[in-house]
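Remarks on the overall topology
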Amino acid sequence: MAKTTFHDHLILNRYLLRLFGVRNLEDLKNKLQLDNENLIGLADDGQSKFLYALLSPLVPNLISENDLRRYDLNIVRHWQTITERRNRQSGHTLEMKYFQYLSLLFTEIYLDQYFNHKAPLQAALQREFADYQKELGNDAAVSAPHELDDLRKLAFWNATGSGKTLLMHVNILQYQHYHGGELDNMILITPNAGLSRQHWLEFAESGIDAALFDK
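What comes next is a walk through the structure. The structure presented is a predicted model; accordingly, all values stated were derived computationally and were not measured.

Another point: the nonpolar core. Ranked by internal contacts, the top residues of the largest apolar core, which has 44 residues, are Phe20, Leu28, Leu34, Tyr101, Leu105 and Ile109. Put simply, the parts of the chain that give this core at least two residues each are α1 (11–18), α2 (25–32), α3 (49–54), α4 (65–90), α5 (98–116), α6 (118–136) and α7 (164–179). Those residues within four positions of Leu105 in sequence are excluded, and the remaining contacts are Phe20, Leu54, Leu68, Tyr71 and Ile75.

Next up, the structure:
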């Protein structure tokens, strides 16, 4: 058995990658050459060029083409919303990198399943967990299977310099879309007042209403 890494133990990550027939992000990137500059931007029909890479016969998708197209259009729309002001001020179009796109695509998949197919999502994660147990062996110490309430908690892990702030802004719009409307209250916690102010200014750049907390 090949040496495992921390990423191999992330059940949700394993499940999402399995939907595209791969075991890790590097395999998906290399198989489709997602870091190819020719994939940046939109196709003539308004879909992203990344979508057409994912629709390649090289990828045994377990997600329907209609769903992938729907997710893709959502991502494009949200990205254009948060970059409109930035593009106007800078004079050039801010494009997504492949790793940003995949992060947003995985979010689309998860939120759609969470809000519309919660029980099947739980069952899929439990099957993934069972496969993980088999790989570890019967004597391995493992945690409990996913409960429905566990699905409410979601964590993102993105590298420094990967545009996490922009991704978070799109995540907010994605959540609002699947939630079905505006949220009454959303709190962003930062380590200090300076960073809070920085995020407040970034929200304004993205066209998202925000205010500094004042107790």
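One pass over the full model with this rule turns up seven aromatic pairs. Here the aromatic rings of Tyr98 and Phe99 are separated by 5.4 Å at their centres, their planes lie at 80°, and the arrangement is edge-to-face. A residue is classified by how much of its surface remains accessible, and Tyr98, at 16% relative accessible area, is buried. We classify Phe99 as partly exposed; its relative accessible area is 33%. With centroids separated by 6.3 Å and ring planes inclined at 10°, the aromatic side chains of Tyr110 and Tyr114 adopt a geometry described as stacked. Of this pair, Tyr110 and Tyr114 both sit in helix α5, four residues apart, roughly one helical turn. Members of the aromatic cluster, each reached through a chain of ring pairs, are Tyr110, Tyr114, Phe115 and Tyr175. Stacked on the ring of Tyr114, the Lys or Arg Lys118 has its end atom at 4.2 Å from the ring centre.

Moving on: empty space enclosed by the protein. Taken as a whole, this structure holds one cavity of 30 Å³ or more when the rule is applied. One number sums up the size of the largest cavity: a volume of about 40 Å³. Lining the largest cavity are Arg14, Arg18, Val22, Arg23 and Glu128. A class-by-class count of the residues in the lining of the largest cavity yields one nonpolar, no polar and four charged.

Along the chain, the position of Gln100 falls in helix α5. Classification of Gln100 by relative accessible area gives buried; the value is 6%. Here Gln100 is in contact with Trp79, Glu95, Ser162, Gly163 and Leu167, once residues within four sequence places are set aside.

The rules behind the values
Residues numbered from 1 in each chain as written. Predicted model: local features only at pLDDT ≥ 70, side-chain atom pairs only at ≥ 80, totals over all residues. Heavy atoms only, no water. Core = buried A, V, L, I, M, F, W, Y, C linked by side-chain atoms within 4.5 Å. Buried < 20%, exposed > 50% of the residue type's maximum accessible area, 1.4 Å probe, protein only. Helix = DSSP H or I, 4+ residues; strand = E, 2+ residues; numbered from the N terminus. Contact = heavy atoms within 4.5 Å. Phe/Tyr/Trp six-rings, centres within 6.5 Å; stacked < 30°, edge-to-face > 60°. Lys NZ or Arg CZ within 6 Å of the ring centre and 35° of its normal. 1 Å grid on protein atoms, 1.4 Å probe; cavity = no way out; pocket = protein on both sides within 12 Å on 5 of 7 lines; lining within 4 Å. Points joined across faces, edges and corners; volume = space filled by probe spheres on them. Nonpolar A, V, L, I, M, F, W, Y, C, P; charged D, E, K, R; others polar.

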